[in-house]
Amino acid sequence: MKIPFLDLASPYEELKAELDEAYARFMRSGWYILGKEVVSFEEEYAAYCGTEFCVGVGNGLEALHLILRACGIGPGHEVIVPSNTYIATWLAVSHAGAVPVPVEPDPRTYNIDPARIEAAITPLTRAILPVHLYGQPAEMEPIMKIAGEYGLKVIEDAAQAQGACYRGRRSGSLGHAAGHSFYPGKNLGAFGDAGAVTTNDAELAGRVRGLRNYGSRKKYYNDCKGFNSRLDELQAAFLRVKLARLDEWNRRRKDLAGFYLNSLAGIPDLTLPFVPDWADPVWHIFVVRHPDRDLLAQRLAEAGIGTLIHYPVPPHLSGAFADGNDANRKLPIAENLAATVLSLPMGPHLMRRNAEQVAGALREIIC
């Protein structure tokens, strides 16, 4: 039996009746952009995250970009970012006109290391942009403390961590604002591109609402040079259905992660995820490390098991940032992670028997 890395068809089968009803409700409404579905989802998702405001936007990259713009961050400014992340985090900073300044991760958690942040701060620094990578929250308390001392904004990249908690508080409520992605493969995934901004700052939320809609808060009255980045009304209707199941589906992921952690323990040269006491991850991805990662992935593929690499090229080595300075090109922890990480099958619709096949194959290949 072939085991895909992620099953994107089963969510529809499980929620077919509710999703079909949401589609019919949307079609009958006669209002297809920024209507009642978006407003309702914004209210429901803000309540879920524990924030006062949510603003639906086109995707996760634009969520981060619009936050930066709304904070007045642009040319001549620097933003501290993780060296180990998907390139969208860096692109958001570049699109705002600012410069991403990479900081290496904690080798245990793979998230940005708070102990390394202060050394990267300069008079040009305006914000810190931690990523809750792979569904595990970054260590936010020391990050917020540093930001407070230097007068910096903290913008969470919560694209992979819907429902994850740091010391009992959900991602998206831990900084001054947060960008969320609802790309189909996320824990809360749409059936296309979608994103959101969450915050407790009313002024910031208002600025993002204007920026997402051509710089206009009132039709035909444009206060600034904005963008077209609006959460689609149909995707909002679908997301409302899936949001009601998010905690249940995250529990399924946690059960699978627990199985993997127990059954893969002790395999030579296989590094398993580390979870600090203060973190309650939602296991967007289950990432292991192995020195012969590429061969391991090949052998698993031959056994019919799908895997992915998150991510094979760190942003500072990508063509997109080929013009970066030499300092940005010496990030050995990120480079080592890129050469050794491998993501195993994970998702709320992965059957336990399939996870057992994955674990068995890994033991057979490595041991």
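Worth saying up front: this structure is predicted, and the values here are computed from it rather than measured. Residue numbering note: each chain is counted from 1, following its sequence as written. Given that the model is predicted, a residue must reach a pLDDT of at least 70 before its local features are reported, and side-chain atom pairs must reach 80 or more before they are shown or counted; all residues, however, enter totals for whole chains, interfaces and linings. In computing side-chain properties, one takes all heavy atoms of the structure into account and sets aside hydrogens as well as water.

Chemist: Could you give an account of the overall build of the protein chain, naming the residues involved and the relevant values?
Modeler: Segments assigned H or I by DSSP are reported as helices when at least four residues long, segments assigned E as strands when at least two residues long, and all are numbered from the N terminus. The helix and strand inventory of the protein chain stands at twelve helices and 14 strands. Computed over its C-alpha atoms, the radius of gyration of the protein chain comes to 20 Å, within 12% of the 21 Å expected for a compact globule of 367 residues. Seen through its principal axes, the protein chain has C-alpha atoms that stretch 65 × 55 × 35 Å. Between buried and exposed lies partly exposed: a residue is buried under 20% and exposed over 50% of the maximum accessible area for its type, with that area taken using a 1.4 Å probe on protein chains only. Among the 367 residues that make up the protein chain, the fraction classed as buried is 56%. Considering only intrachain contacts with a sequence separation of at least 6, the fraction spanning at least 24 residues in the protein chain is 69%. Only the protein chains shown count as cover for residues, and the accessible areas themselves come from Shrake-Rupley with a 1.4 Å probe. Element-wise, carbon and sulfur atoms account for 53% of the exposed surface of the protein chain, whose accessible area totals about 15800 Å². Once the 38 positive and 42 negative side-chain charges of the protein chain are each reduced to a mean point, those two points are 4 Å apart. The atom set for the radius of gyration is the C-alpha atoms, and the globule formula is 2.2 Å times the number of residues raised to the power 0.38. Whether two residues are in contact is decided by their heavy atoms: any pair within 4.5 Å suffices. Counted charges follow a simple rule, with Lys and Arg positive, Asp and Glu negative, and His plus the chain ends left uncounted. By convention, the charge on Lys lies at NZ, on Arg at CZ, on Asp at CG and on Glu at CD.

Chemist: Describe the packing of helix 1 (residues 10-29) against helix 8 (residues 233-243), and please don't skip the residues or the numbers.
Modeler: Two quantities define a packed helix pair, namely the angle between the axes and the distance from one axis to the other. One can describe the packing of helix 1 onto helix 8 by two numbers: an axis separation of 9 Å at closest approach and a directional angle of 135 degrees. In terms of axis orientation, helix 1 runs oblique to helix 8. The element helix 1 and its partner helix 8 pack so that their crossing is right-handed. Together, P11, L15, E18, L19, A22, Y23, R25 and F26 of helix 1 and E233, L234, A237, F238, R240, V241 and K242 of helix 8 make up the contact between the two elements. The residue makeup of the contact of helix 1 with helix 8, split by class, is ten nonpolar, no polar and five charged. Each axis is a line fitted through C-alpha atoms, and for a helix only the stretch in contact is used; angles between axes span 0 to 180 degrees, taken between their N-to-C directions. Should an angle fall under 35 degrees it is called roughly parallel, over 145 degrees roughly antiparallel, and 65 to 115 degrees roughly perpendicular, with every other angle called oblique. In this scheme the handedness of a crossing depends on how the near helix is turned from the far one: anticlockwise by less than a right angle means left-handed, clockwise means right-handed. Following the grouping adopted for this structure description, the nonpolar residues are Ala, Val, Leu, Ile, Met, Phe, Trp, Tyr, Cys and Pro, the charged ones are Asp, Glu, Lys and Arg, and the polar ones are all others, Gly among them.

Chemist: Tell me about the sheet that holds strand 9 (residues 195-199), and name the residues and values.
Modeler: Strand order in the open sheet formed by seven strands is 1-9-8-5-4-2-3, with mixed pairing between adjacent strands. The open sheet has two edge strands, strand 1 (53-57) and strand 3 (99-103), and neither has a second partner. Here the strands of the sheet are splayed against their neighbours by 25 degrees on average, with no regard to which way each runs. As defined by bridge partners, strand 2 (residues 78-82) adjoins strand 3 across five bridges and the pair is classed as parallel. By the bridge assignment for strand 3, V79 is matched with P100. Contacting strand 2, strand 3 and strand 5 (153-157), helix 4 (residues 87-95) crosses the sheet at an angle of about 175 degrees to strand 2. Only strands that DSSP links by at least two bridges are regarded as paired with each other.

Chemist: Could you give me a rundown of helix 7 (residues 202-212), with the residues and numbers involved?
Modeler: Every buried residue belonging to helix 7 is among L204, A205, G206, V208, G210, L211 and R212, and all of these are buried. In this structure, the buried side of helix 7 is in contact with helix 2 (36-49), strand 1, helix 3 (60-70), strand 8 (177-181), strand 9 and strand 10 (216-218). Pairs of N or O atoms are called polar contacts if they sit within 3.5 Å, as long as, within protein, a hydrogen donor faces a hydrogen acceptor (for residues adjacent in sequence, only side-chain-to-side-chain pairs). The backbone nitrogen of E203 lies 3.0 Å from a side-chain oxygen of the residue at the head of helix 7, namely D201. Directly beyond the C-terminal end of helix 7, a positive phi value near 65 degrees is found at Y214.

Chemist: Tell me about the side chain of T51, and name the residues and values.
Modeler: Within the secondary structure layout, T51 lies in the loop between helix 2 and strand 1. A residue is classified by how much of its surface remains accessible, and T51, at 9% relative accessible area, is buried. A distance of 3.2 Å separates a polar side-chain atom of T51 from the backbone oxygen of F53. Filtering out sequence-adjacent residues up to four positions away, T51 remains in contact with A46, G172, S173, T198, T199 and N200.

Chemist: Residues and numbers for the sheet that holds strand 6 (residues 165-166), please.
Modeler: The strand order across the open sheet built from three strands is 7-6-12, with neighbouring strands paired in antiparallel fashion. The open sheet terminates on both sides in strands that have one partner only, identified here as strand 7 (169-170) and strand 12 (279-280). Pairing analysis gives two bridges linking strand 6 to strand 12, with the strands arranged antiparallel. Across the sheet, the residue bridging to C165 is D280, located in strand 12.

Chemist: Let's hear about the pairing of strand 5: which residues, and what values?
Modeler: The buried fraction of strand 5 is high, at four of five residues. Across two bridges, strand 4 (residues 125-128) lies against strand 5 in parallel orientation. Within strand 5, the residue paired with I128 across the bridge is V154. With strands facing away from the observer, any crossover in which the path from the first strand over the helix to the second runs clockwise is taken as right-handed. Viewed along the sheet, the connection from strand 4 through helix 6 (residues 140-150) into strand 5 turns out right-handed. Two strands pair when backbone bridges link them, and strand 5 and strand 8 are joined in this way by three bridges, in the parallel orientation. Bridged to I155 within strand 8 is A177.

Chemist: Got a sec to walk through the environment of D269? Specific residues and values, please.
Modeler: The topology assignment puts D269 in the loop between helix 9 (246-263) and strand 12. With 98 residues separating them in the primary sequence, D269 and S171 have C-alpha atoms 32 Å apart. Apart from the residues lying within four places of it in its own chain, the contact partners of D269 are R289, H290 and P291.

Chemist: So what's going on with the pairing of strand 8? Which residues, and what values?
Modeler: Counting buried residues in strand 8 gives five out of five residues, a clear majority hidden from the surface. Both strand 8 and strand 9 contribute to a ladder of five bridges, which runs antiparallel. Pairing of A178 across the sheet is with T198, part of strand 9.

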